[in-house]
Amino acid sequence: MKNNLVALRYSKALINFSETKKASKKVYEEMKVISKIFSQNKIALNLFSNPVISISKKKNLIFKFLKNTSQETVKLIDLLEKNKRLYMISDISVSYINLYKSKRGISNAKITTAVKLSKKLEIKIIEKLKNIHKGEIKILNIIDPKIIGGFIINFKGLQYDASVKNQLKLLKSQIVT
(Lines give C-alpha, C1' and ligand atoms only; values in the text may rest on other atoms or scores of the structure.)
Protein backbone atom coordinates (compact mmCIF):
# COMPACT_ATOMS: atom_id res chain seq x y z
CA MET A 1 0.00 0.00 0.00
CA LYS A 2 2.78 2.41 0.95
CA ASN A 3 4.66 1.65 -2.28
CA ASN A 4 1.51 2.30 -4.32
CA LEU A 5 1.15 5.73 -2.72
CA VAL A 6 4.78 6.54 -3.42
CA ALA A 7 4.44 5.26 -7.01
CA LEU A 8 1.35 7.43 -7.46
CA ARG A 9 3.23 10.51 -6.24
CA TYR A 10 6.12 9.87 -8.63
CA SER A 11 3.74 9.25 -11.54
CA LYS A 12 1.73 12.42 -10.78
CA ALA A 13 4.93 14.44 -10.70
CA LEU A 14 6.09 12.79 -13.94
CA ILE A 15 2.84 13.45 -15.77
CA ASN A 16 2.82 17.10 -14.66
CA PHE A 17 6.47 17.52 -15.65
CA SER A 18 6.04 15.77 -19.01
CA GLU A 19 2.93 17.82 -19.83
CA THR A 20 4.79 21.08 -19.23
CA LYS A 21 7.49 19.82 -21.61
CA LYS A 22 4.84 18.61 -24.13
CA ALA A 23 6.26 15.07 -23.92
CA SER A 24 3.51 13.19 -22.08
CA LYS A 25 2.66 11.01 -25.12
CA LYS A 26 6.32 9.94 -25.54
CA VAL A 27 6.63 9.22 -21.80
CA TYR A 28 3.34 7.28 -21.97
CA GLU A 29 4.77 5.07 -24.73
CA GLU A 30 7.95 4.51 -22.68
CA MET A 31 5.95 3.65 -19.57
CA LYS A 32 3.96 1.11 -21.61
CA VAL A 33 7.23 -0.56 -22.64
CA ILE A 34 8.48 -0.64 -19.04
CA SER A 35 5.16 -1.98 -17.77
CA LYS A 36 5.12 -4.67 -20.46
CA ILE A 37 8.66 -5.77 -19.57
CA PHE A 38 7.76 -6.32 -15.93
CA SER A 39 4.32 -7.83 -16.50
CA GLN A 40 5.54 -10.38 -19.04
CA ASN A 41 8.97 -11.13 -17.62
CA LYS A 42 9.12 -12.35 -14.01
CA ILE A 43 12.92 -12.59 -14.27
CA ALA A 44 13.13 -8.81 -14.80
CA LEU A 45 10.83 -8.25 -11.82
CA ASN A 46 12.98 -10.50 -9.63
CA LEU A 47 16.15 -8.83 -10.91
CA PHE A 48 14.89 -5.39 -9.86
CA SER A 49 13.86 -6.70 -6.44
CA ASN A 50 17.31 -8.23 -5.86
CA PRO A 51 19.44 -5.93 -3.66
CA VAL A 52 22.66 -7.72 -4.68
CA ILE A 53 22.47 -6.41 -8.25
CA SER A 54 23.79 -2.88 -8.52
CA ILE A 55 21.44 0.01 -9.26
CA SER A 56 23.56 1.07 -12.24
CA LYS A 57 23.12 -2.38 -13.84
CA LYS A 58 19.36 -2.13 -13.33
CA LYS A 59 19.36 1.37 -14.81
CA ASN A 60 21.35 0.23 -17.86
CA LEU A 61 18.90 -2.64 -18.37
CA ILE A 62 15.98 -0.21 -18.58
CA PHE A 63 17.78 1.91 -21.16
CA LYS A 64 18.50 -1.18 -23.28
CA PHE A 65 14.75 -1.72 -23.67
CA LEU A 66 13.92 1.92 -24.37
CA LYS A 67 14.94 3.43 -27.68
CA ASN A 68 15.53 7.22 -27.89
CA THR A 69 14.56 7.74 -24.28
CA SER A 70 12.94 11.09 -23.50
CA GLN A 71 14.67 13.50 -21.11
CA GLU A 72 11.68 13.24 -18.78
CA THR A 73 12.06 9.47 -18.41
CA VAL A 74 15.83 9.79 -18.02
CA LYS A 75 15.30 12.32 -15.23
CA LEU A 76 12.78 10.02 -13.53
CA ILE A 77 15.20 7.09 -13.64
CA ASP A 78 18.05 9.27 -12.35
CA LEU A 79 15.84 10.49 -9.50
CA LEU A 80 14.78 6.93 -8.64
CA GLU A 81 18.44 5.90 -8.67
CA LYS A 82 19.39 8.80 -6.40
CA ASN A 83 16.54 8.00 -3.97
CA LYS A 84 17.27 4.25 -4.12
CA ARG A 85 13.77 3.53 -5.43
CA LEU A 86 14.52 2.14 -8.86
CA TYR A 87 12.77 -1.08 -7.80
CA MET A 88 9.49 0.90 -7.99
CA ILE A 89 9.74 1.64 -11.71
CA SER A 90 7.16 -1.04 -12.56
CA ASP A 91 4.55 0.38 -10.15
CA ILE A 92 5.30 3.92 -11.30
CA SER A 93 4.87 2.97 -14.97
CA VAL A 94 1.48 1.32 -14.30
CA SER A 95 0.36 4.33 -12.25
CA TYR A 96 1.50 6.75 -14.98
CA ILE A 97 -0.40 4.78 -17.65
CA ASN A 98 -3.58 4.88 -15.58
CA LEU A 99 -3.22 8.63 -14.91
CA TYR A 100 -2.52 9.35 -18.58
CA LYS A 101 -5.60 7.41 -19.70
CA SER A 102 -7.75 9.00 -17.02
CA LYS A 103 -6.69 12.54 -18.01
CA ARG A 104 -7.46 11.86 -21.66
CA GLY A 105 -10.73 10.00 -21.13
CA ILE A 106 -9.38 6.69 -22.45
CA SER A 107 -11.11 3.56 -21.14
CA ASN A 108 -10.37 -0.12 -21.65
CA ALA A 109 -12.99 -2.72 -22.49
CA LYS A 110 -12.07 -6.36 -21.99
CA ILE A 111 -14.01 -8.60 -24.34
CA THR A 112 -13.75 -12.35 -23.97
CA THR A 113 -14.78 -14.41 -26.99
CA ALA A 114 -14.33 -17.97 -28.20
CA VAL A 115 -12.64 -16.71 -31.40
CA LYS A 116 -10.86 -13.48 -32.37
CA LEU A 117 -13.13 -10.48 -32.94
CA SER A 118 -13.34 -9.09 -36.45
CA LYS A 119 -12.58 -5.38 -36.94
CA LYS A 120 -16.18 -4.82 -38.05
CA LEU A 121 -17.54 -6.33 -34.83
CA GLU A 122 -15.00 -4.40 -32.74
CA ILE A 123 -16.25 -1.14 -34.26
CA LYS A 124 -19.88 -2.10 -33.53
CA ILE A 125 -19.05 -2.90 -29.90
CA ILE A 126 -17.15 0.38 -29.50
CA GLU A 127 -20.17 2.28 -30.88
CA LYS A 128 -22.44 0.60 -28.30
CA LEU A 129 -19.99 1.26 -25.46
CA LYS A 130 -19.81 4.95 -26.41
CA ASN A 131 -23.39 5.21 -25.07
CA ILE A 132 -21.86 4.54 -21.62
CA HIS A 133 -18.56 6.43 -22.06
CA LYS A 134 -17.99 9.38 -24.38
CA GLY A 135 -14.18 9.19 -24.51
CA GLU A 136 -11.84 6.92 -26.42
CA ILE A 137 -12.29 3.18 -25.89
CA LYS A 138 -9.53 0.60 -26.33
CA ILE A 139 -10.55 -3.04 -26.83
CA LEU A 140 -8.63 -5.92 -25.32
CA ASN A 141 -9.85 -9.15 -26.94
CA ILE A 142 -9.23 -12.25 -24.83
CA ILE A 143 -9.81 -15.56 -26.55
CA ASP A 144 -11.25 -18.30 -24.32
CA PRO A 145 -12.69 -21.35 -26.13
CA LYS A 146 -14.32 -22.46 -22.85
CA ILE A 147 -17.13 -19.92 -23.30
CA ILE A 148 -18.16 -21.90 -26.44
CA GLY A 149 -19.60 -18.85 -28.23
CA GLY A 150 -20.95 -15.37 -27.62
CA PHE A 151 -18.98 -12.86 -25.58
CA ILE A 152 -18.32 -11.40 -22.13
CA ILE A 153 -17.73 -7.64 -21.88
CA ASN A 154 -16.03 -6.07 -18.85
CA PHE A 155 -16.20 -2.28 -19.01
CA LYS A 156 -16.00 0.37 -16.29
CA GLY A 157 -16.71 -2.12 -13.52
CA LEU A 158 -19.68 -3.67 -15.32
CA GLN A 159 -19.88 -7.14 -16.83
CA TYR A 160 -22.27 -8.29 -19.54
CA ASP A 161 -22.15 -12.05 -20.07
CA ALA A 162 -23.73 -13.17 -23.34
CA SER A 163 -21.68 -16.34 -23.62
CA VAL A 164 -23.14 -19.69 -24.63
CA LYS A 165 -21.56 -21.20 -21.51
CA ASN A 166 -23.51 -18.78 -19.30
CA GLN A 167 -26.74 -19.37 -21.24
CA LEU A 168 -26.33 -23.13 -20.76
CA LYS A 169 -25.66 -22.60 -17.05
CA LEU A 170 -28.83 -20.50 -16.72
CA LEU A 171 -30.86 -23.10 -18.64
CA LYS A 172 -29.52 -25.84 -16.36
CA SER A 173 -30.49 -23.90 -13.23
CA GLN A 174 -34.02 -23.40 -14.60
CA ILE A 175 -34.41 -27.09 -15.40
CA VAL A 176 -33.11 -28.22 -12.01
CA THR A 177 -35.43 -25.90 -10.03
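Here, every reference points to the structure presented above.
Throughout, residues of each chain are indexed from 1 in the direction in which the sequence is written. Restriction of local features to residues with pLDDT of at least 70 applies here, the model being predicted, together with a cutoff of 80 or more for giving and counting side-chain atom pairs; totals for whole chains, interfaces and linings are based on all residues. Water and hydrogen atoms were dropped before computing side-chain values, which therefore reflect all heavy atoms in the structure.

Draft legend 1. A look at helix α4 (residues 55-65). Exposed residues in this analysis have more than 50% of their type's maximum accessible area, buried residues have under 20%, and partly exposed residues fall in between, with area computed by a 1.4 Å probe over protein chains only. Strands are runs of DSSP state E lasting at least two residues, helices are runs of H or I lasting at least four, and both sets are numbered from the N terminus onward. All of the buried residues in α4 are Lys-58, Lys-59 and Ile-62. Viewed end-on, α4 has its buried residues packed into an arc of 100 degrees, placing them on one side of the element. Projecting away from the buried face of α4 at angles above 90 degrees are the exposed residues Lys-57 and Lys-64. We call two residues contacting when some pair of their heavy atoms lies within 4.5 Å. Looking at the buried residues of α4, the elements they touch are α2 (24-40), α3 (42-49), α5 (71-82) and α6 (89-103). The arc refers to the directions leading from the helix axis to the C-beta atoms.

Draft legend 2. Representation of the sheet that holds strand β2 (residues 136-143) in the model. Strands are treated as partners if at least two bridges between them are detected by DSSP. Overall, mixed pairing links the 4 strands, which are arranged β2-β1-β3-β4 in an open sheet. Unpaired on one side and paired on the other, β2 and β4 (158-161) mark the two borders of the sheet. Strand-to-strand twist in this sheet, taken as the mean axis angle between neighbours without regard to direction, amounts to 15 degrees. Examined bridge by bridge, strand β1 (residues 106-113) and β2 share 8 bridges and lie parallel to one another. Residue Thr-112 lies in a different strand from β2, and its bridge partner there is Ile-142. Helix axes use the C-alpha atoms of the stretch in contact, all axes being lines fitted to C-alpha atoms, and the angles between their N-to-C directions lie in the range 0 to 180 degrees.

Draft legend 3. Representation of a nonpolar patch on the surface. There is a patch of nonpolar side chains on the surface, built from Ile-148, Val-164, Leu-168, Leu-171 and Ile-175 and spanning about 470 Å² of accessible area. One can find Val-164 in helix α8 (residues 164-176). Like charges are joined within 9 Å and nonpolar side chains (Val, Leu, Ile, Met, Phe, Trp, Tyr) within 5 Å, but only among residues with over 30% relative accessible area and no salt bridge; these make up the patches. Using the Shrake-Rupley algorithm and a 1.4 Å probe, accessible areas are obtained, with residue cover drawn only from the displayed protein chains. For this analysis, a salt bridge means a side-chain nitrogen from Lys or Arg found within 4 Å of a carboxyl oxygen belonging to Asp or Glu.

Draft legend 4. Geometry of the pattern of salt bridges. For the structure on display, the rule yields 9 salt bridges. A salt bridge links Glu-19 to Arg-104, with the nearest nitrogen and oxygen atoms 3.4 Å apart. Here Arg-104 lies in the loop between α6 and β1 and Glu-19 lies in helix α1 (residues 2-20), a separation of 85 residues in the sequence. Linking Glu-29 and Lys-25 is a salt bridge whose minimum nitrogen-to-oxygen distance equals 3.4 Å. A residue pair is termed a helical-turn pair when its members lie 3 or 4 positions apart in one helix, as Glu-29 and Lys-25 do in helix α2 at 4 residues.

Draft legend 5. Looking closely at unusual backbone geometry. Even without being a glycine, Ile-148 presents a positive backbone phi close to 70 degrees. Here Ile-148 lies in the loop between β2 and β3 (151-155). Here Ile-148 falls in the exposed class, since its relative accessible area comes to 53%.

Draft legend 6. Main features of the packing of aromatic side chains. Two rings from Phe, Tyr or Trp (for Trp, the six-membered ring) form a pair when their centres sit within 6.5 Å of each other. Planes less than 30 degrees apart are called stacked, planes more than 60 degrees apart edge-to-face, and all others tilted. Taken as a whole, this structure holds 4 aromatic pairs when the rule is applied. Consider the rings of Tyr-28 and Tyr-100, whose centres lie 4.1 Å apart with planes at 15 degrees: the pair is stacked. Of this pair, Tyr-28 sits in helix α2 while Tyr-100 sits in helix α6, and the two are 72 residues apart along the sequence. Exposure remark for Tyr-28: the relative accessible area of 4% places this residue in the buried category. Both rings, one in Tyr-96 and one in Tyr-100, keep their centres 6.4 Å apart while their planes meet at 20 degrees; by these two values the pair is stacked. Note that Tyr-96 and Tyr-100 are positioned in helix α6 at a spacing of 4 residues, about one turn of the helix.

Draft legend 7. How the structure looks around the nonpolar core. Grouping buried Ala, Val, Leu, Ile, Met, Phe, Trp, Tyr and Cys residues that are joined through side-chain atoms within 4.5 Å yields what is termed a nonpolar core. Membership of the largest hydrophobic core comes to 27 residues, with the highest contact counts inside it found for Met-31, Ile-62, Leu-76, Ile-89 and Tyr-96. Elements that contribute at least two residues to this core include exactly α1, α2, α3, α5 and α6. Non-local contacts of Tyr-96, meaning those with residues more than four positions away in its chain, are made with Ser-11, Leu-14, Ile-15, Ser-18, Ser-24, Val-27, Tyr-28 and Met-31. Judged by nonpolar contacts, the second largest core, of 8 residues, contains Ile-111, Ile-125, Ile-153 and Phe-155.

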